[in-house]
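What follows is each chain in one-letter form.
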Amino acid sequence: MSNKKLLALVLVIALGVAMLAGCAQTATTAAPAAGETEATTAAPAAPAEKKVVGVMIGDMSAQFHAYIMDGMKKEAEKYPDVEFVYVDGKFDPNVQMGQAENFIAEAVDAIVYIPGDAAAAKNLVDKVSTAGIPLIGVNTEVLPEDMDKLTSYAGSVTIESGILLGEAFAKVMGGKANMIELQGFYGHEPQIMRHEGILEAFKSFPDMKILKEDSGEWNRDKAMQKMENIINSDLNGKFDAVICHNDEMAIGAMKALEAAGMLDKVKVAGIDATPEALKYMKEGKIAFTVFQDARGQGAKGIEIAVKVINGETVEKRYTIPYVTVMPEEADKYLALYE
Amino acid sequence: MSEVAVKPNNDLSKSVKAFLTKYSIYFILVLLVAILTFLSPAFLKPVNLINIVRQISLIAIVGFGVTMIIITTGIDLSSGSVIAVAGIVASKFAHPDTYPLAVALILGLGVGLLAGAINGFFVSIVKLPAFIATLGMMLSFRGVGYILSEGHPITNFTKEYDFIGSGYWLGLPLMIYILFGAAVLSYVILRHTKTGKCIYAIGGNQQAAVVSGINVKKNLMFVYSYAGMMSALAGIMLSSRLSSGQPTAGLTYEMDAISSAVIGGTSLSGGIGTIQGTLIGALIIGVLNNGMDLMHINAYYQQVVKGSIIVLAVILDKARNR
């Protein structure tokens, strides 16, 4: 009995040590850079030492962040002399704060940063800029007053996606529709801005009406349940379009409508141009989508970081535009994921 | 069994009160249904009722296994992560023209069984608190999900695999039959087998169970493995329903499953709980979610109402366990 306990304990400790050792490898390679605080101005003194770029992903489990990271990793292959250390913020500002502090302690040469939450990013931006480490924002903007403290930013203008979604929907529906709006998590920056963008677009189309707003929490499962309940409510038969803040929710809503045999009467669209959404567009089940260039954003962020550590000048902002994608263009965008 | 604490004035009121407290959870469900029927004409339509049962089938199935675990005074926090991994594993073997359906099902369920067995090992042999053992599994298995799927959803399934989550038979969704099957199986195990009696005995008093010759380790191993397999079943159903195995699937499902069990009268201090109670608990959650959507209640308020009703249901239900 106690032998078994001991064995289990030893196994657990061995596992723990192995995991720590795994983490420590990246830490030791980063260590030689310690002491240099003015990384931007520092000349490449010792070419033997690899430069290190810390990459803070907001949430590796979020589909969209995963695609950004794909773009980053592909771009990073072009720079074998630079080491890139990727960490997962788990959508938790506190976790990201700890990671930033670690990068500051290791004195990395630059940090590429996707904030999980814009408002909570304030202290993090302050700390990194005080430490003098170049900070390159990607995808999600920090608060307007903090944008200046970023060395550079690669991303899209969020409200634009909502405007494009609304405008394209008005075009598809001939300027007249009764819609259900499935929003992202309440309080998320993209949820707020996409909603504002949609309303902005509908200002020129007074007959585009939103009958009900609800949240599908960015999630296919949740959106499907919401849609099933809406189909069973008194709204059944009164709506002819479902406008979603992302493609995952559009697919969930589409599946609920399909199961209820209503897909021929109701049009569904979202944002992101995920491979699945593009495939469903080819099958005529989703009307259109709005492409946000996740890979392009990620690649740009890495490219900027490398430029900065090589002492090249960079612009304050690189805007990656959104594009409306209609079904006939689906193949072109599917090819991007190959 | 169900003695009422207050002194009754006469026999009739006593027996009525005993009856009410014994079946309080059923009355809460009936009351909710009555209120919602009154407030929303769409609620009681058969198509909506089928919709509700289908929506709760996943958390109820997970809840059946969790109920058994809670009866032994344990807890399972890993259900949601097991849902994701089992869904991903099954999805990987469900592409057209590759493997027969049975391979996807067996591997998916097998992965859940394995996760459950690991939980059982740490709880029964290593004697870790169930909270810690299953918390570890929750975190590490979520990671396994990302590793196996490389962070991306797995799609493109055979017709047979799609049928699990979206198919109908005799006018009812297949998911409801699976729910019914899982409920009957779990009920029989808990009520009509020696294992079931052992589960209650372990939860009632573990020392006494040991003394009376019950193999506690073996029974705990069984309970956790069974719960893992139930989560895996839910994971397969979810991936089929969504047409994709996703690493983010089943997030917070463990909380809904535990809530179902507890609303349904399962005591967190062990020894008490039933499968039918958990089914009712899941239905209460499902009816609330659906009813509030039908009445167009703002999502902010929905959460407040849901939380309050869960606590209220348990307060009312506590009376019969005193």
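Conventions used here
Residues numbered from 1 in each chain as written. Chains lettered and ligands numbered in written order. Predicted model: local features only at pLDDT ≥ 70, side-chain atom pairs only at ≥ 80, totals over all residues. Heavy atoms only, no water. Helix = DSSP H or I, 4+ residues; strand = E, 2+ residues; numbered from the N terminus. Expected span 1.5 Å × (residues − 1). Buried < 20%, exposed > 50% of the residue type's maximum accessible area, 1.4 Å probe, protein only. Domains from an automatic or database assignment. Contact = heavy atoms within 4.5 Å. Buried area = accessible area lost by both parts, 1.4 Å probe. Salt bridge = Lys/Arg side-chain N within 4 Å of Asp/Glu carboxyl O. Polar contact = N/O pair within 3.5 Å; in protein donor to acceptor, adjacent residues only side chain to side chain. Nonpolar A, V, L, I, M, F, W, Y, C, P; charged D, E, K, R; others polar. Core = buried A, V, L, I, M, F, W, Y, C linked by side-chain atoms within 4.5 Å. Pairing = 2+ DSSP bridges. Axes fitted to C-alpha atoms, helices over the stretch in contact; angles between N-to-C directions. Lys, Arg positive; Asp, Glu negative; His and termini not counted.

S.K.: Sorry if this is basic, but what is going on with helix α2 (residues 63-76) of chain A here?
M.R.: The α-helix advances 3.6 residues per turn, and as a result positions three or four apart in sequence lie on the same side. Residues and elements named next belong to chain A. Compared with an ideal rise of 1.5 Å per residue, which puts 14 residues at 20 Å, α2 spans 20 Å between its outermost C-alpha atoms and is within 8% of the ideal. Burial within α2 is extensive, with 11 of its 14 residues counted as buried. Considered for burial, the residues of α2 that qualify are Gln63, Phe64, His65, Ala66, Tyr67, Ile68, Met69, Gly71, Met72, Glu75 and Ala76.

S.K.: Looking at this structure, how should I read helix α12 (residues 253-263) of chain B?
M.R.: Within α12 of chain B, nine of the 11 residues are buried, leaving the element largely enclosed by the surrounding structure. Turning to α12 of chain B, its buried residues are Tyr253, Glu254, Ala257, Ile258, Ser259, Ser260, Ala261, Val262 and Ile263 of chain B.

S.K.: Help me out: how do you make sense of the domain arrangement of chain A in this one?
M.R.: Many structure descriptions define interface size as the accessible area lost when the parts assemble. Residue and element names in this part refer to chain A. Considered domain by domain, chain A is made up of domain 1 (51-156 + 294-320) and domain 2 (158-291). Contacts between the two partners involve five residues from domain 1 and, on the opposite side, five residues from domain 2. Buried area between domain 1 and domain 2, both sides added, is near 500 Å², and the carbon and sulfur share of it is 60%. Viewed at the interface, domain 2 and domain 1 are joined by zero salt bridges. At the junction of domain 1 with domain 2, the criterion picks out one residue pair in polar contact (both at pLDDT 80 or more). Split into classes, the residues belonging to the side of domain 1 that touches domain 2 amount to three nonpolar, two polar and no charged.

S.K.: Is there a simple way to think about the nonpolar core in this case?
M.R.: Side chains of a nonpolar character, in soluble globular proteins, are inclined to be buried together. Residue and element names in this part refer to chain A. By size, the foremost hydrophobic cluster in this structure holds 137 residues, and its most contacted members are Phe239, Val242 and Leu257. Of the domains in this structure, domain 1 (51-156 + 294-320) and domain 2 (158-291) are the two that each give at least three residues to this core. Look past the residues within four positions of Val242 in its chain and what remains in contact with it is Phe169, Ile180, Leu182, Met227, Ala253, Leu257, Val266, Lys267, Val268 and Ala269. Val125, Val128, Leu135 and Tyr153 belong to the second-largest nonpolar core, a separate cluster that totals 21 residues.

S.K.: Where do I start with the sheet that holds strand β2 (residues 82-88) of chain A in this structure?
M.R.: Backbone hydrogen bonds hold the strands of a sheet together, and the pairing may be parallel or antiparallel. Residues and elements named next belong to chain A. Taken together, the six strands give an open sheet; going across it, the order is β2-β1-β3-β4-β5-β11, and neighbouring strands pair in parallel fashion. Sheet topology places β2 and β11 (317-319) at the edges, where each strand pairs with a single neighbour. Between one strand axis and the next, the sheet turns by 15 degrees as a mean value, whatever way the strands run. Bridge analysis of strand β1 (residues 51-57) against strand β3 (residues 110-113) gives four bridges, and the strand direction is parallel. Note on β3: the bridge partner recorded for Val53 is Ala110. Across the sheet, helix α3 (residues 93-106) lies against β1, β2 and β3, angled at about 175 degrees from β1, the strand it touches most.

S.K.: What should I look at first to understand the pairing of strand β5 (residues 152-155) of chain A in this one?
M.R.: The side chains of a regular strand alternate between both faces of the sheet. Residue and element names in this part refer to chain A. Here β5 shows two buried faces, one formed by Ser152 and Ala154 and the other by Tyr153 and Gly155. Bridge analysis of strand β4 (residues 135-138) against β5 gives three bridges, and the strand direction is parallel. By the bridge assignment for β5, Val138 is matched with Ala154. Examined bridge by bridge, β5 and β11 share three bridges and lie parallel to one another. Paired with Gly155 across the strands is Thr319, a residue of β11.

S.K.: What am I meant to see in the interface of chain A and chain B here?
M.R.: The interface of chain A with chain B comprises 29 residues on the first partner and 31 residues on the second. Taken together, the two surfaces of chain A and chain B that pack against each other cover about 2700 Å², and 47% of this comes from carbon and sulfur. Three residues, Asp221, Asn229 and Asn232 of chain A, lead the burial of chain A against chain B; their summed loss comes to 22% of the area buried on that side. Linking chain A to chain B there are three salt bridges. Of the charged contacts in the structure, one is a salt bridge between Glu228 of chain A and Arg54 of chain B, with a shortest N-O distance of 3.3 Å.

S.K.: Quick question: what am I supposed to make of the side chain of Arg194 of chain A here?
M.R.: Residues and elements named next belong to chain A. Considering the arrangement of structural elements, one finds Arg194 in helix α6 (residues 189-202). Buried charge without a partner: Arg194 forms no salt bridge, and the closest opposite charge is Asp272, 4.2 Å away. Of note is the side chain of Arg194, whose polar atom sits 3.4 Å from the side chain of Ser161. Among residues more than four places away in sequence, those in contact with Arg194 are Thr158, Ser161, Gly162, Trp218, His245, Asn246, Ile271, Asp272, Gln292 and Tyr322.

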